[in-house]
Amino acid sequence: MIVGEVNIKTYLSKSKLPGVDYSINPYVGCPHKCIYCYAEYMKKFTAHPEPWGEFLDVRRCPVPLRPYMLFHTYVMLSSVTDAYNPYEKQFRITRKLMEQLVFCQAHVQVLTKSPLIVRDIDLFKQLPSFEGAFSFSSSKDSFRQLAEPGAATVEEKINALKTLKENGLSTAVVIAPIFPQITDWKEIIRLTRPYTDRYHFDALNIRPAYQKRVMQFIARHFAHLLDLYNSIYEQEDISYWRKLQEEINAFCRQENIQGKADFRHVFSSKRTPKN
Ligand code: SF4
């Protein structure tokens, strides 16, 4: 991993996500190396010749976050990196930002795949509101090793979720991306439910930039599913997602789970329903 530093003028990016005012990304790059990484486009804003997943830039900003801008705003870490990636242990950029967010009294949500998040529980407790969210694409660590080789194990993530909950903090599980016929979403819910306040679900939405890589991954490791993936991603048949959305939502209603699958972004793309 090539680790560098870049100077920036501000950490704040206006967010288009619902209910989020700003997103903060303390790093550029991500060592988790998810094969489906949606943030890979960030490479074009760097001078790195290395492939995405092989470099990490620590973002340094001399200007502190301003309370008059951030007081009671909603801030998310992080949209295009993992703020608690293993290098954060050494650089402590996220911790310094979290101290400033406490000073600003912002509402904070953190999305991570790393147990390092528990280090900052003392700060989360001083915020007006906080939610720690972990994403899972499978309950099986064998799949995590293949698809997210740099991320923490399933067990480590569940233990961290439990620690946040035991400390009285709000938690969420993001079941995403859902790999058709691979992501065992009911098992993820079963394992995490005691420590989770709410769930989000998101479909594996393969962008053209990495479609070939993901399809090669399926061909290599899940060859028996290749026809299904071809029908979804090559022939653009969205019926799989329609059925799955209904199934997840019925399950959540029945089990009184706070969560709703909403795959509208798949339906509303230019794809034509095949049935
Ligand atoms: S954790 Fe997020 S940013 Fe990091 S590699 Fe995975 S998808 Fe990309």
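Before any of the text, the structure's been laid out above.
How each quantity is defined
- Residues numbered from 1 in each chain as written.
- Predicted model: local features only at pLDDT ≥ 70, side-chain atom pairs only at ≥ 80, totals over all residues.
- Heavy atoms only, no water.
- Helix = DSSP H or I, 4+ residues; strand = E, 2+ residues; numbered from the N terminus.
- Contact = heavy atoms within 4.5 Å.
- Salt bridge = Lys/Arg side-chain N within 4 Å of Asp/Glu carboxyl O.
- Buried < 20%, exposed > 50% of the residue type's maximum accessible area, 1.4 Å probe, protein only.
- 1 Å grid on protein atoms, 1.4 Å probe; cavity = no way out; pocket = protein on both sides within 12 Å on 5 of 7 lines; lining within 4 Å.
- Points joined across faces, edges and corners; volume = space filled by probe spheres on them.
- Nonpolar A, V, L, I, M, F, W, Y, C, P; charged D, E, K, R; others polar.
- Pairing = 2+ DSSP bridges.
- Polar contact = N/O pair within 3.5 Å; in protein donor to acceptor, adjacent residues only side chain to side chain.
- Axes fitted to C-alpha atoms, helices over the stretch in contact; angles between N-to-C directions.
- Expected span 1.5 Å × (residues − 1).
- Near = heavy atom within 4 Å.

## Focus on the side chain of Ser15
One can find Ser15 in the loop between strand 2 (12-14) and strand 3 (22-24). In contact with Ser15, not counting residues within four places along its chain, are Val20, Asp21, Tyr22 and Ser23.

## What about the pattern of salt bridges?
Should their charged atoms come close, side chains of opposite charge can pair. For the structure on display, the rule yields 16 salt bridges. A salt bridge links Asp122 to Arg95; the shortest N-O distance between them is 2.8 Å. In this pair, Asp122 sits in helix 4 (residues 121-124) while Arg95 sits in helix 3 (residues 93-104), placing the two residues 27 residues apart along the sequence. In this structure Asp122 comes out as partly exposed when scored by relative accessible area, which is 37%. Here Arg198 makes a salt bridge to Glu131, at a shortest N to O gap of 2.7 Å. Taken as a pair, Arg198 in strand 10 (residues 198-203) and Glu131 in strand 8 (residues 130-136) lie far apart in primary sequence, 67 residues in all.

## Looking at unusual backbone geometry
Backbone torsion omega between Leu77 and Ser78 reads -5°, so that peptide bond is classified as cis. Mapped onto the secondary structure, Ser78 falls in the loop between strand 6 (74-77) and helix 2 (88-91). Pro177 follows Ala176 through a cis peptide bond whose omega is -15°. Structurally, Pro177 can be placed in strand 9 (residues 170-178).

## Section: the layout of surface pockets
Considered as a void within the structure, the second largest pocket measures approximately 160 Å³ in volume. Together, Lys33, Cys34, Ile35, Cys37, Glu40, Pro51, Trp52, Gly53, Glu54 and Arg213 line the second largest pocket. The residue inventory of the lining of the second largest pocket, partitioned by class, reads five nonpolar, one polar and four charged.

## Focus on the sheet that holds strand 1 (residues 2-7)
Pairing within the open sheet is mixed, and its three strands lie in the order 1-5-4. Sheet topology places strand 1 and strand 4 (27-28) at the edges, where each strand pairs with a single neighbour. With six bridges joining them, strand 1 and strand 5 (residues 55-60) adopt parallel strand pairing. Looking at the pairing, Val3 lines up with Leu56 of strand 5.

## Quick look at the side chain of Thr112
When you line up the elements, Thr112 lands in strand 7 (residues 107-112). On the accessibility criterion, Thr112 (2% relative accessible area) is buried. Reaching out from Thr112, the side chain makes a polar contact with the side chain of Asp82 at a distance of 2.8 Å.

## What about the sheet that holds strand 8?
Read from one edge of the open sheet, eight strands run 2-3-6-7-8-9-10-11, paired in mixed fashion. Edge strands, defined here as strands with exactly one partner in the open sheet, are strand 2 and strand 11 (259-261). Strand-to-strand twist across the sheet, computed as the mean angle between neighbouring axes with direction ignored, equals 20°. Pairing analysis gives five bridges linking strand 9 to strand 10, with the strands arranged parallel. Considered in strand 10, the bridge of Val173 is made with Tyr199.

## Overview of helix 10 (residues 239-254)
With 16 residues, helix 10 extends 23 Å between its outermost C-alpha atoms, agreeing within 8% with the 22 Å of an ideal straight helix rising 1.5 Å per residue. Immediately downstream of helix 10, the backbone of Asn256 shows phi near 55°, a positive value.

## Let's talk about the site of the ligand
Inspection of the region around the ligand gives Cys30, His32, Lys33, Cys34, Tyr36, Cys37, Tyr38, Thr81 and Lys113 as its neighbouring residues. Looking at the shell around the ligand residue by residue, the class counts come to five nonpolar, two polar and two charged.

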